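Survey of secondary and tertiary structure
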Amino acid sequence: MAVVHTDAHSHAVLNVRLFDMVAALSTTLDLLDPRLGSHQKRTCLIAAQIGLAMQLSMDDYRSLFIASIFHDIGALALHDRLRLLAFEEIEPHRHAQMGAHLLGQFEAFRPYASLVAYHHVPWEDGAGQRFEQRPVPMLSHLIHLADRIEVLAQGRDNILADMEEIRLCIAEKAGAVFHPDHVAAFLAVSRAERFWLDLFSVNLDQILKALAPFEDIELDLPKLMLFARFFALIIDSRSHFTATHSAGVAICAETIARHMGMSAAEAAKMRIAGYLHDTGKLAIPNEYINRGGPLAREEMARMRSHSYITHDILSKINGLSDIAEWASHHHERLDGSGYPFHKSADKLSLGARIMAVADIYTALIEDRPYRQGLPEIQVFAHLEDLVAAKQLEPAVVATLKRHHDDIGRLCREVQQREGEELSAFWRLADDMTEGRGQGNA
Ligand SMILES: [Fe+2]
Ligand SMILES: [Fe+2]
Ligand SMILES: [Fe+2]
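Residues numbered from 1 in each chain as written. Chains lettered and ligands numbered in written order. Predicted model: local features only at pLDDT ≥ 70, side-chain atom pairs only at ≥ 80, totals over all residues. Heavy atoms only, no water.

Per an unreviewed UniProt entry, the recorded name for the protein chain is HDOD domain-containing protein, and the organism is Paludibacterium purpuratum.

This is the structure in structure tokens:
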């Protein structure tokens, strides 16, 4: 198969907005449980409205926006995310510290980590300016307020009938739980019905976008790569067993793409697609992902939705269409037997073909809870069976085989490196899940 792409062309087509990526990541995190709805986005909207009423500086407003849209990012590794939604929470600081740790992994988000770390510290008439001997950012208190308002508002089927009750409940806690200035600003903006109706609008994403203080910021290829890697860290951090799968698929897909004649920029996009291919797994229950054996029929059925969800999330992002396609077609097969689109050879791009091979190859060489990684000879026997069955592209498998020393080594190196980062993360998660410590993020 001849492949002709040019660098100049690829750079020209990549114009992804930071807002779209942030919103996609937030949406994905909220998929962890449908009952969560859009908790993080609504919390962000509430925080933004209060921030605007308080006339925060542009820097503070931007920090508030980004930190609030991800404020529960640390909860995904803990098994009790839904408990956070209870208005009174016994020990809420663990997921906040975990979230700070996660955000700290991505340079662009590092400045917001401390805002997330303390988003459940009560004001206590000023005592909440410090927590465990550390200063608590004022904006953490504002996120705390927005989060609790969201929890009170969610699930109401007649929000206008209940808004006064919520306003009263918050007003009573001014000083003891929330900063009085934040409460005053909330009481001012929440008089308007639209404050409440916006929260449940079908256009929530557009409303947020209009308020986003970085609407115009675009990501170039290297920045998008870092963002995708962060995304992958979140996806992979849910499982001890497949902790570096996305990173392995990413490097494998990029390297095959280069050997098949794709330009450096196109190959870099393949790597991004590899990082993002299992985005939809965030919507699959943790137990399935960490199951030490084969899945039951219904579990398997649910698992098969993940690459559609990857498509659902990524295809909404402007400028990401190639990447979205390659990522979400990784379970399609040339004979049309794949899922979820059942596309066959005439509809599957080279990128999709490479992604399918990279995914299977990486899965086979990885250790899984129920088996060790397979030796090379078995890996290729399996891939060649799939080529013979007309499911995988022969040219891709042949390229992988020809450059296997190079690709296998790179894949192992990257997985080793990312594995070390993730095991630090898991040690922290384990400490926190067992309540052994608060971590030091
Ligand atoms: Fe929280
Ligand atoms: Fe929250
Ligand atoms: Fe997959």
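Let's talk about the overall build of the protein chain
Scanning the protein chain from terminus to terminus reveals 22 helices and four strands. Each of the 441 residues in the protein chain was classed as buried or not, and the buried ones make up 57%. Sequence-distant contacts in the protein chain: of pairs separated by 6 or more residues, those separated by 24 or more amount to 71%. Looking at the protein chain as shown, the accessible area adds up to about 18400 Å², and 51% of this sits on carbon and sulfur atoms. (Helix = DSSP H or I, 4+ residues; strand = E, 2+ residues; numbered from the N terminus. Buried < 20%, exposed > 50% of the residue type's maximum accessible area, 1.4 Å probe, protein only. Contact = heavy atoms within 4.5 Å. Areas by Shrake-Rupley, 256 points an atom, 1.4 Å probe, with all protein chains shown as cover.)

Brief notes about the coordination of the iron ion (ligand 1)
Ligation of the iron ion (ligand 1) by protein atoms is provided by Asp-72 (OD), His-95 (NE2), His-119 (NE2) and His-120 (NE2), these donors lying 2.1 to 2.3 Å from the ion. Angles of 83 to 173° at the metal separate the four donor atoms of the iron ion (ligand 1), which places the site in the irregular class. Here the donor residues of the iron ion (ligand 1) share one chain and are spaced in sequence as D-x22-H-x23-H-H. The iron ion (ligand 2) is placed at 3.4 Å from the iron ion (ligand 1), the two being bridged by Asp-72. In this pair, Asp-72 sits in the loop between α4 (58-69) and α5 (93-103) while His-95 sits in helix α5, placing the two residues 23 residues apart along the sequence. The exposure classification of Asp-72 matches that of His-95, with both residues buried. (Donors = N, O, S within 2.8 Å, 3.2 Å for Na, K, Ca; no water. Tetrahedral: all angles 85-135°; square planar, octahedral: opposite > 155°, others 65-115°.)

A look at the coordination of the iron ion (ligand 3)
In a perfect tetrahedron of four donors around a metal, the angles come out at 109.5 degrees. In a perfect octahedron of six, they are 90 or 180 degrees. Surrounding the iron ion (ligand 3) are the protein donor atoms Asp-278 (OD), His-306 (NE2), His-330 (NE2) and His-331 (NE2), at 2.2 to 2.6 Å. Look at where the donors of the iron ion (ligand 3) fall in the sequence and you get D-x27-H-x23-H-H. Placement of Asp-278 in the loop between α14 (264-276) and α15 (286-289) and of His-331 in the loop between α18 (321-328) and α19 (350-365) is noted, with a sequence separation of 53 residues between them. Assessed through its relative accessible area of 14%, His-331 is described here as buried.

Considering the environment of Leu-392
Its place among the elements puts Leu-392 in the loop between α20 (376-388) and α21 (394-402). Considering only alpha carbons, one finds Leu-392 and Arg-353, 39 residues apart in sequence, at a separation of 6.9 Å. Leaving out residues up to four positions away in the same chain, Leu-392 has contacts with Arg-333, Leu-334, Ala-356, Val-357, Ile-360, Leu-383, Leu-386, Val-387 and Val-397.

Here we look at unusual backbone geometry
The step from Tyr-339 to Pro-340 runs through a cis peptide bond, and the omega angle for that step is 5°. Relative to the helices and strands, Pro-340 is located in the loop between α18 and α19. Phi angles above zero are rare outside glycine, and Gln-55 is one such case at about 50°. With respect to the helices, strands and loops of the structure, Gln-55 is situated in the loop between α3 (39-53) and α4. Relative accessible area serves as the criterion here: at 72%, Gln-55 is assigned to the exposed category. Backbone geometry places Gln-133, a non-glycine residue, at a positive phi of 65°. Within the secondary structure, Gln-133 sits in the loop between β2 (130-131) and β3 (134-135). Judged by relative accessible area, Gln-133 falls into the exposed class, the value being 69%.

Considerations on the packing of aromatic side chains
Counted under the stated rule, the structure contains eleven aromatic pairs. Ring geometry for Phe-186 against Trp-196: centres 6.1 Å apart, planes inclined by 80°, an arrangement best described as edge-to-face. Note that Phe-186 is positioned in helix α9 (residues 180-189) and Trp-196 in helix α10 (residues 193-199), a separation of ten residues in sequence. Ring centres of Tyr-308 and Phe-341 lie 6.5 Å apart, and the angle between their planes is 50°; this geometry places the pair in the tilted category. Highlighted residues: Tyr-308 in helix α17 (residues 306-314) and Phe-341 in the loop between α18 and α19, separated in sequence by 33 residues. Exposure remark for Phe-341: the relative accessible area of 29% places this residue in the partly exposed category. Ring pairs connect the aromatic residues Phe-70, Phe-109, Phe-227, Phe-230 and Phe-231, which therefore count as one cluster. (Phe/Tyr/Trp six-rings, centres within 6.5 Å; stacked < 30°, edge-to-face > 60°.)

Focus: the pattern of salt bridges
Under the counting rule described, the total for this entry stands at 17 salt bridges. The salt bridge involving Glu-150 is made with Arg-42; its shortest N-O contact spans 2.7 Å. Taken together, the residues Glu-150 in helix α7 (residues 138-153) and Arg-42 in helix α3 connect sequence positions 108 residues apart. Here Asp-147 and Arg-148 are joined by a salt bridge, their closest N and O atoms 2.5 Å apart. (Salt bridge = Lys/Arg side-chain N within 4 Å of Asp/Glu carboxyl O.)

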